[in-house]
Amino acid sequence: MNTSGPAADDVRADGLRLLPFRGLRYVPERVGSLAAVTSPPYDVVVRPDGLHHLESADPHNIVRLILPQAITAGTRHRKAAVTLDRWLADGVLAPDPEPALYVYEQSGDGILQRGVIGVLELSTPDKGLVLPHEDVMPHVVEDRAALMRTTAANLEPLLLTYRGNGDAAADVIERTVRGEPLLATTTEDGFSHRLWSITDPAELAAVSAGLAGHQALIADGHHRWATYLRLREEHVSPSPWNYGLVLLIDTARYPLRVRAIHRLLNRLPVADALAALGDDFRVRQVEGPLSTAVESLAAAAADGNAFLLAGDGAFHLVDRPAPELLARTVRTDRPEAWRTLDATVLHATLLDQVWRIPDAPEDISYIHDTEAAVAQAERRGGTAVLMHPVREEVVRDLARQGVTMPRKSTSFGPKPATGLVLRSLALD
């Protein structure tokens, strides 16, 4: 095995095992358009605005499966299962005729990203094959597990990355995209999406050989990966639940963007948040508009921990935490890179000690979109805490050390569109 070059420290003797599956896909003639039935991943949809927008885009939008709406959790999950069964019976969704791996391409906003979708053999973090980098929230894992259990389906792929080294998998991907795609669509965000299938045994074997020596980093989907592992334990092995739907991207060839995930403190007004800081942080009001304020945040973050508070019609830059406060509130049994993360300081110092905010859904919302975070804070009278993104190399280095970051610390992208290919475990 060639272990030279930048990918050497990702190479494993056992490595990743990605298998083909019979994908469920929308039948184009039965829906308004493929773009109208897709959605961002479930946790990116900004509720309720984004949810209502997607539901109204097409009666068969995938959001009706990944975020079903009902009064109780059990009713929601049963509703999703009934909807999935009805769409299959009505021919809205149909399985592909034979198992395949799927090459997926996204392009737009100066990005070209290609990877392969398949079902990956599950492994716990101690095996060192799939590396998580964030903690998870138990109530989210419970909800996703109930949804997957009730529908017997993986409705959207996780986003995993690995560092390739010109392997056979990359060669297959580049050959595949020269052919006619199964589907092509452009979503309202301006991104183009194309999907191809790989069914030739020799090409499938080449992908398998190319991935076998590598480990992967979970870029997006920690809660779904934890859900996969939970459901695997509920079923006697071997079973289809030993595998989970993923998209694997070689970031040596196709680098991802890393963005921050912001916090919305639903019950804390900005005035109260600022008053509680006292003399332990430097606080300055900075000029808008939002894009300008975010630039001020980036400049401050270059010198240390920094946060931008919004929600009262103004922007407040909070930085330079008192060293004695950090020494008192941040645990010392973790690497320096972890102790100095903005997310660490936010959770350990600000949320836990200064603001005393419980980490519960009614108190903290996690929002990917900057404008949406500010708008919702202003509407609810709460505080948006805008974050600066972490560099990918920091994320990967901590993951290799087995150190997880605070939940929702990063947002890798672009994320795969949900709804282009699904997996029914009944077909495996």
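For the structure given in this document, a descriptive report is provided here. (Residues numbered from 1 in each chain as written. Predicted model: local features only at pLDDT ≥ 70, side-chain atom pairs only at ≥ 80, totals over all residues. Heavy atoms only, no water.)

### A short note on the pattern of salt bridges
To be explicit about the condition: For this analysis, a salt bridge means a side-chain nitrogen from Lys or Arg found within 4 Å of a carboxyl oxygen belonging to Asp or Glu. In this text, helices come from DSSP runs of H or I with a minimum length of four residues, and strands from runs of E with a minimum of two, each type numbered from the N-terminal end. For each residue, the accessible area found with a 1.4 Å probe, counting protein chains only, is set against the maximum for its type, and the residue is called buried under 20%, exposed over 50%, and partly exposed in between.
Throughout the structure, instances matching the rule amount to 26 salt bridges. Between E203 and R175 there is a salt bridge; the shortest N-O distance is 2.7 Å. Of this pair, E203 sits in helix α7 (residues 201-211) while R175 is found in helix α6 (residues 168-176), placing the two residues 28 residues apart along the sequence. A relative accessible area of 19% means that E203 is categorised as buried. In this structure R175 comes out as partly exposed when scored by relative accessible area, which is 38%. Through salt bridges with shared partners, a single ionic network connects E105, R114, E174 and R194.

### Some remarks on the sheet that holds strand β15 (residues 282-286)
Definition in use: Two strands qualify as a pair provided DSSP detects at least 2 bridges between them. Here, axes are lines fitted to C-alpha atoms. For helices the fit covers the stretch in contact, and angles between N-to-C directions go from 0 to 180 degrees. By the convention used here, residues are in contact when the closest approach between their heavy atoms is within 4.5 Å.
Pairing is antiparallel in the open sheet, where 6 strands are placed in the order β15-β17-β16-β19-β14-β18. Pairing within the sheet leaves two strands with one partner each, and these edge strands are β15 and β18 (364-367). For this sheet, the mean inter-axis angle between neighbouring strands, taken without regard to orientation, is 25°. Lying on the sheet, helix α13 (residues 342-354) is in contact with β14 (262-265), β16 (306-310), β18 and β19 (383-386); it crosses β16 at an angle near 60°.

### Comments concerning the sheet that holds strand β3 (residues 93-95)
One open sheet holds the 4 strands; their spatial order is β3-β2-β21-β7, and the pairing between them is antiparallel. The sheet is open, and its two edges are formed by β3 and β7 (153-154), each paired on a single side. Bridge analysis of β7 against strand β21 (residues 422-424) gives 2 bridges, and the strand direction is antiparallel. Within the sheet, the bridge partner assigned to N154 lies in β21 and is R423.

### Side note on the environment of R263
Residue placement: R263 occurs in strand β14. Note: C-alpha distance between R263 and D363 (100 residues apart in sequence) is 9.9 Å. Those residues in contact with R263, other than ones at most four positions away along the chain, are L346, H347, I364, S365, Y366, T383, A384, V385, R407, K408 and S409.

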